Amino acid sequence: MEKITDRLSALREVMKQNGVSATIIPGTDPHGSEYLPNRWKERTWISGFNGSAGTAVVTLEKAAVWTDSRYFIQAEDQLKDTTFELMKMRMPETPSINEWIISQLKEGEVVGLNPQMFAHNAFAENFNEFSFNQLSVKNIDLIDLAWQDRPALPENPFYIYDVKFAGKSASEKISEVRNEMKKANTNVYIMNSLDEIAWLFNIRGNDVNYNPLTISYAAVDTENAYLFIDEAKVTPETKTALANEGITIQPYLTIYDYLKKQNEKSHVLVDGNRINQSLYEAISTSSTINLAASPVTNLKSVKNEIEQEGFRNAMVKDGVALTKFFIWLEENIDNNINEVTVDEQLKFFRLQQENCKGASFGTICGYADHGAMNHYSASPETAYTLGCKEMLLIDSGAQFLEGTTDITRTLMLGEPTAQQKTDYTLVLKGNIGLSEAIFPVNSRGSLLDVLSRKALWENGFNYGHGTGHGVGHFLCVHEGPQSIRLEENLTPLKAGMVLSNEPGLYRDGEYGIRIENLMIVQPAMSTQFGDFLKFEIITVSPIEKNLIDVNLMTNEEISWLNNYHQFVFEKISPFLDEKETAWLKEKCEAISK
């Protein structure tokens, strides 16, 4: 296998040939994706680090990778013997990427950036900062020049997503987008985010792991809609189906020709946080460019009634699969199973459910101290064998045609300590606190985040990740623009949005705790003081009771938990056999002080 040091040497040789002294390699692709096809796993190829978040920087003498606390341990392991230095983001001693580059280069030297891999706004920020510090920026794809055996892009055919699941036809959605375009005084709209294209045109694919997406670009103008996609992915059936919705298929890279043909009558709407710099630069200079938030981002985030019902049905299927899995786990805990085995069995039980298309993200299964790593990914080399003395954190999800699931449960394999019960109960109190929230329309997620942290803060505890992310409908498990986190997000929560609720507590070297449910924002009430919203909990799986210290809970919190467990039993039990029903009944029995 080719060594990372050999790849670095090849890249540096290309840099020298092109007069480049430093280059930034983000862990993304021309579509701003979270999960990438092999061709665009550039940061992984050059550094060996394959976490879902991180950026590599290479100069002629040094190399470094920036990532956040979720991946510190993983990065330290994967960067060994590569000459890459780990830069721990958000640590006081860690410089920003650009600060580090500026400190390493001399005035007049050149930074090479691949415009396909940077959104326009990010590219502009880099350009301005480097220019101010007397460094030049050169648009160049250095990795492509250095990566000799680079994989081709996948050619998997895409398929039409049935309107019975989507709730609206593609032509209806396109009409809504055109209305938004008109409000923005634009007549051309360009998209490069794969999930937005999939949602708008009611198409799905198999080009990347976990997300049912197909590699493509799209454009909508006042008369036509275009899907720019590799023709090898198109079948006569999909071509006809899209044509019936007013969508014309064009070859993937002809998006550049389309952009160059725009004229003085073209008022082009692009999202500067999404469109890559390469596409942005291709737009005809005679046209008018309107930088604004993508209209599809907001339209997609509010689920219609069919989508909401689909989510509920998907959660029941997921709950049934998880019930079968948890029973299997209890029966096999003494059979030398490990963290990887757990992942395999989760997939097995979920795929038995109708319309399950696979996992929605890589399972996080952490036994004992592995659970303290937020985004731990077990491998045969690192997997712990499960025993009967430690806590087990399992964060997993599935893709159903009806919707996307994401759930975390923390189990106690053995007798819990007093500290473990206290920690778990404080996390549970946070989950309940957010679940019961009633809040005014136009409230932002950052205003609600404290509800999940209050009990932890009162005891001097905290967690470093956000509390809630948006979830796509048979799309990406991580979806914006909504979120619930400490950092400010100006997007208000709206009825129909789906979010996670996942407070946690992590003790390094000991264990991790997280309890995660999904919920839909729903109308709550209207009074003389305005309209209010609430959360509908849609995840249906029991919460571990033997980790709860009931003395730390209020009567209202105990009532909430008992009502939730009654809801879980009523939803799942009709799909279980006698043995499974008895197991679930015991897990859902009411608790009291």
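If you're wondering where the values come from, they're calculated on a predicted model, not measured in any experiment. In this numbering scheme, every chain counts its residues from 1 along its sequence in written order. Reporting of local features is limited, given that this is a predicted model, to residues whose pLDDT is at least 70; pairs of side-chain atoms are given and counted only at 80 or more, and all residues count toward the totals for whole chains, interfaces and linings. Heavy atoms throughout the structure, all of them, feed into the side-chain values; hydrogens and water do not.

Student: Can you help me understand the environment of Val320 in this one?
Tutor: Tracing the backbone through its elements, the reader meets Val320 in helix 14 (residues 305-332). With 141 residues separating them along the chain, Val320 and Asn179 place their C-alpha atoms 42 Å apart. If sequence neighbours within four positions are ignored, Val320 has contacts with Gln353, Ile572, Phe575 and Leu576. Counting from the N terminus, the helices are DSSP H or I runs at least four residues long and the strands are E runs at least two residues long. Here a residue-residue contact requires only that any non-hydrogen atoms of the pair lie within 4.5 Å.

Student: Would you mind showing me how to read the state of the cysteines here?
Tutor: Two cysteines form a disulfide when their sulfur atoms are joined by a covalent bond. Any pair of cysteine sulfurs within 2.5 Å is marked as a disulfide. Considering all chains together, one arrives at zero disulfides under this definition. Unpaired in terms of disulfides, Cys365 finds its nearest cysteine sulfur in Cys388, a separation of 14 Å. Using a relative accessible area of 1% as the deciding quantity, one classes Cys365 as buried. We call a residue buried when its accessible area falls under 20% of the maximum for its residue type, exposed when it is over 50%, and partly exposed in between, using a 1.4 Å probe and counting protein chains only.

Student: Got a minute to help me understand helix 17 (residues 445-457) in this structure?
Tutor: Turn by turn, an α-helix covers 3.6 residues, leaving residues three or four places apart pointing in a common direction. One less than the residue count of a helix, multiplied by 1.5 Å, gives the span that helix is expected to have. The terminal C-alpha atoms of helix 17 lie 18 Å apart, and with 13 residues this matches the ideal 18 Å at 1.5 Å per residue to within 8%. The axis of helix 17 is deflected most strongly, by about 35°, at Leu451. All buried positions along helix 17 are accounted for by Gly445, Ser446, Leu448, Asp449, Ser452, Arg453, Ala455 and Leu456. Lining the buried residues of helix 17 we find helix 16 (418-435), strand 21 (438-440), strand 23 (479-484), strand 24 (498-501), strand 25 (504-507) and strand 28 (530-537). Throughout, bend refers to the angle between the axes fitted to the seven residues that end at a position and the seven residues that start at it.

Student: Before we go on, may I ask you to explain the domain arrangement of the chain in this structure?
Tutor: A common measure of how large an interface is: the accessible area buried when the components associate. Throughout, the edges of the domains are those of an automatic or database domain assignment. Domains assigned within the chain are domain 1 (4-146), domain 2 (159-295) and domain 3 (302-588). Here domain 1 and domain 2 have C-alpha centroids that lie 29 Å from each other. The interface of domain 1 with domain 2 comprises 15 residues on the first partner and 23 residues on the second. Defined in terms of a 1.4 Å probe, buried area is the accessible area two parts forfeit on being brought together, summed over both. Regarding the contact of domain 1 and domain 2, the summed buried area is about 1500 Å², with carbon and sulfur atoms giving 55% of it. When the area that domain 1 buries against domain 2 is broken down by residue, the three leading residues are His31, Tyr35 and His120, summing to 45%. For this analysis, a salt bridge means a side-chain nitrogen from Lys or Arg found within 4 Å of a carboxyl oxygen belonging to Asp or Glu. Our count for the domain 1 to domain 2 interface comes out at zero salt bridges. Under the rule applied, a polar contact is a pair of N or O atoms within 3.5 Å (in protein, one hydrogen donor and one hydrogen acceptor; residues adjacent in sequence only if both atoms are side-chain atoms). Summed over the shared surface of domain 1 and domain 2, the result is 14 residue pairs in polar contact (both at pLDDT 80 or more). Sorting elements by how many residues they give to the side of domain 1 that touches domain 2 places helix 5 (residues 120-132) first, with three residues.

Student: What is the right way to look at the sheet that holds strand 18 (residues 398-400) in this model?
Tutor: One key point about sheets: their strands pair by backbone hydrogen bonds, in either a parallel or an antiparallel sense. At least two bridges found by DSSP between two strands are what make those strands a pair. Pairing within the open sheet is antiparallel, and its three strands lie in the order 15-18-19. Each edge of the open sheet carries a strand with a single partner, namely strand 15 (356-359) and strand 19 (403-404). Direction of pairing for strand 15 relative to strand 18: antiparallel, over a ladder of three bridges. Directly across from Gly358, in strand 18, lies its bridge partner Gln399. Axes here mean lines fitted to C-alpha atoms, for a helix over just the part in contact, with angles spanning 0 to 180 degrees between N-to-C directions. The strands touched by helix 15 (residues 339-351) are strand 15 and strand 18; relative to strand 15, the strand with the most contacts, the crossing angle is about 170°.

Student: Before we go on, may I ask you to explain the nonpolar core in this structure?
Tutor: The nonpolar side chains of soluble globular proteins are, as a tendency, buried together. Definition used in this section: a nonpolar core is a set of buried Ala, Val, Leu, Ile, Met, Phe, Trp, Tyr and Cys residues joined via side-chain atoms within 4.5 Å. Core analysis: the biggest nonpolar cluster contains 78 residues, and Phe325, Leu329, Leu386, Leu392, Leu493 and Phe535 have the highest contact counts within it. Per-element accounting of this core gives the leading share, 11 residues, to helix 14. Setting aside residues up to four positions removed in sequence, Leu329 forms contacts with Ile337, Val342, Leu386, Leu392 and Leu411.

Student: Is there a simple way to explain the sheet that holds strand 14 (residues 288-291) in this structure?
Tutor: Across the sheet, six strands lie side by side as 12-11-10-8-13-14; this open sheet has mixed pairing. Across the chains shown, the open sheet's two edge strands, defined by having one partner strand only, are strand 12 (247-250) and strand 14. Sheet twist, expressed as the average angle between the axes of neighbouring strands with direction ignored, equals 20°. Looking at chain direction, strand 13 (residues 267-270) and strand 14 are connected through four bridges and run parallel. The residue of strand 14 that forms the bridge with Val270 is Leu291.

Student: Could you clarify how one ought to interpret helix 5 in this entry?
Tutor: Here helix 5 spans 18 Å end to end across 13 residues, near enough to the 18 Å set by a 1.5 Å rise per residue. His120, Phe123, Asn126 and Phe130 are the residues of helix 5 that are buried. For helix 5, the buried positions fall inside an angular range of 130° around the axis, keeping them on one side. In this structure, helix 5 carries Glu125, Asn128 and Phe132 as exposed residues pointing more than 90 degrees from its buried face. Our arc is simply the arc of the directions from the helix axis toward the C-beta atoms.

Student: What is the right way to read the packing of helix 18 (residues 555-572) against helix 19 (residues 578-587) from this model?
Tutor: Describing two packed helices takes the angle between their axes plus the distance from one axis to the other. Where helix 18 contacts helix 19, the two axes come as close as 9 Å, and the packing angle between them is 170°. The angle between helix 18 and helix 19 places the two elements in the roughly antiparallel class. The segment helix 18 lies against helix 19, with His565, Val568, Phe569 and Ile572 engaging Thr581, Leu584, Lys585 and Lys587. The classification used treats Ala, Val, Leu, Ile, Met, Phe, Trp, Tyr, Cys and Pro as nonpolar, Asp, Glu, Lys and Arg as charged, and all other residues, Gly among them, as polar. Within the contact of helix 18 with helix 19, the residues separate by chemical class into four nonpolar, two polar and two charged. Comment on the angle field: the value is read as roughly parallel under 35 degrees, roughly antiparallel over 145, roughly perpendicular from 65 to 115, and oblique elsewhere.

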